[in-house]
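Breakdown of the fold
Residues per chain, in single letters:
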Amino acid sequence: MANSTTYFDWSLLNRYSIAEFLYTLAPEIVNQPLSIVQFHTKITKLLKKHIPVRVRKSYNIKVDPGFVFVGGTYYSGYDEDNEKCIEIVFEYRTDQKILTLSKKRFANMCMSIADTMLHEIIHMRQFRRRNFKYLPDYASNAEKTELRQEQEYLGCSDEIDAYGFNIACELMDKFDKNKNLIVAYLNENQKGKKRRHNSWRMYLKAFEHDHNHPIVQRVKKKVVRYLVAAEAGKPYKNKDWINW
């Protein structure tokens, strides 16, 4: 893989190839007590060697002990200027000195990085296809400010598209590619049930578990349409889906 923002072929990436090359670090990381700086340096060096991305480190006391939160951002302005436009953020627990990841936890983290990266690559495609123009925001009528802001973010058409693919991937993993079980899960009333957090439950919570809400319905349809692509690990079939 090249490291040039101008000539890099983003269409070659899929969630499996990204996760696999990241997991080559396993001998240096799995069950190895590392300082945050040591861990971050290793993962950053490998990422930047293969993919032209920005990498940032942050700290948050809300991160669970022994875990690393992975987030991302796409910067359309940088992309328009042919600069590195995707940023991967590693958020560490504020008071954690040493990080020791099990094989399973590191493998899950590698897939989380891959899913985050594909989410931002989808945003890249969206902006490139419409010549870097922004779409109108979704207007929420929720009374509480925090809920309104969450709904306006998740209700944006760009986010519905990107999270639609992420949710499809998560559920294909969860249900071992059984599409009937996935559809049943999407239609299930999960309010009040204790379930592991995922992107679909994030949407249900933000829109108060209202399956009749137009945003929830749009996300559900998008997820189902993305199931075939999720199985392949890539949002689109054609080779030039992301490039100019």
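One structure accompanies this document, and this report is about it. (Residues numbered from 1 in each chain as written. Predicted model: local features only at pLDDT ≥ 70, side-chain atom pairs only at ≥ 80, totals over all residues. Heavy atoms only, no water.)

An order of β2-β4-β3 is seen for the three strands of this open sheet, with the pairing classed as mixed. With partners counted over all chains shown, the strands left at the sheet margins are β2 (54–59) and β3 (68–74), one partner each. Here the average twist between neighbouring strands, direction ignored, is 25°. Of the strand pairs in this sheet, β2 and strand β4 (residues 86–92) are connected by six bridges, and their pairing is parallel. The residue of β4 that forms the bridge with Y59 is Y92. Contacts from helix α3 (residues 36–50) reach β2, β3 and β4, with the element oriented near 160° to β2. With respect to the sheet, helix α5 (residues 103–129) is in contact with β3 and β4, its orientation differing from that of β3 by roughly 10°. (Pairing = 2+ DSSP bridges. Helix = DSSP H or I, 4+ residues; strand = E, 2+ residues; numbered from the N terminus. Axes fitted to C-alpha atoms, helices over the stretch in contact; angles between N-to-C directions. Contact = heavy atoms within 4.5 Å.)

The full count for this structure, using the stated rule, is zero disulfides. Take C85: it sits in no disulfide, and the sulfur closest to it among the cysteines is that of C156, at 17 Å. (Disulfide = S-S within 2.5 Å.)

Contact geometry for helix α9 (residues 199–206) and helix α10 (residues 214–232): axes closest at 10 Å, N-to-C directions at 165°. By the angle class used here, α9 and α10 are roughly antiparallel. Considering only the axes of α9 and α10, their crossing is left-handed. Contact residues: W200, Y203 and L204 in α9; I215, V216, V219 and K220 in α10. (Parallel < 35°, antiparallel > 145°, perpendicular 65-115°, else oblique. Left-handed = near helix turned anticlockwise from the far one by under 90°.)

Ranked by internal contacts, the top residues of the largest apolar core, which has 71 residues, are F39, F90, F106 and Y203. Looking at this core element by element, the count peaks at 11 residues for α5. Sequence-distant contacts of F90, defined by excluding residues within four places in its chain, comprise H40, I43, L47, V55, R56, K57, S58, V68, F69, V70, M109 and I113. (Core = buried A, V, L, I, M, F, W, Y, C linked by side-chain atoms within 4.5 Å. Buried < 20%, exposed > 50% of the residue type's maximum accessible area, 1.4 Å probe, protein only.)

The subject of this paragraph is α9. The element α9 is extensively covered by neighbouring structure, given that seven of its eight residues are classed as buried. Buried residues of α9: S199, W200, R201, M202, Y203, L204 and A206, and no others. In this structure, the buried side of α9 is in contact with α6 (145–154), α7 (157–174), α8 (179–187) and α10. Where α9 begins, one side-chain oxygen reaches toward the backbone nitrogen of W200, 3.2 Å away; that side chain belongs to N198. Note on α9: the residue one or two positions beyond its end, E208, has a positive phi of about 55°. (Polar contact = N/O pair within 3.5 Å; in protein donor to acceptor, adjacent residues only side chain to side chain.)

Along the chain, P52 turns up in the loop between α3 and β2. Classification of P52 by relative accessible area gives buried; the value is 1%. The sequence separation of P52 and K177 amounts to 125 residues, and the corresponding C-alpha distance is 31 Å.

A few words on the pattern of salt bridges. Under the defined criterion, the tally for this structure stands at 11 salt bridges. A salt bridge links R128 to D79; the shortest N-O distance between them is 3.0 Å. Here R128 is found in helix α5, whereas its partner D79 is found in helix α4 (residues 76–80), with 49 residues between them in sequence. In terms of burial, R128 and D79 fall into one category: buried. For K193, the salt bridge goes to E188, with nearest N and O atoms at 2.7 Å. Residue classification places K193 among the partly exposed residues on the basis of a relative accessible area of 36%. Members of the salt-bridge network, linked through shared partners, are R15, D115 and D173. (Salt bridge = Lys/Arg side-chain N within 4 Å of Asp/Glu carboxyl O.)

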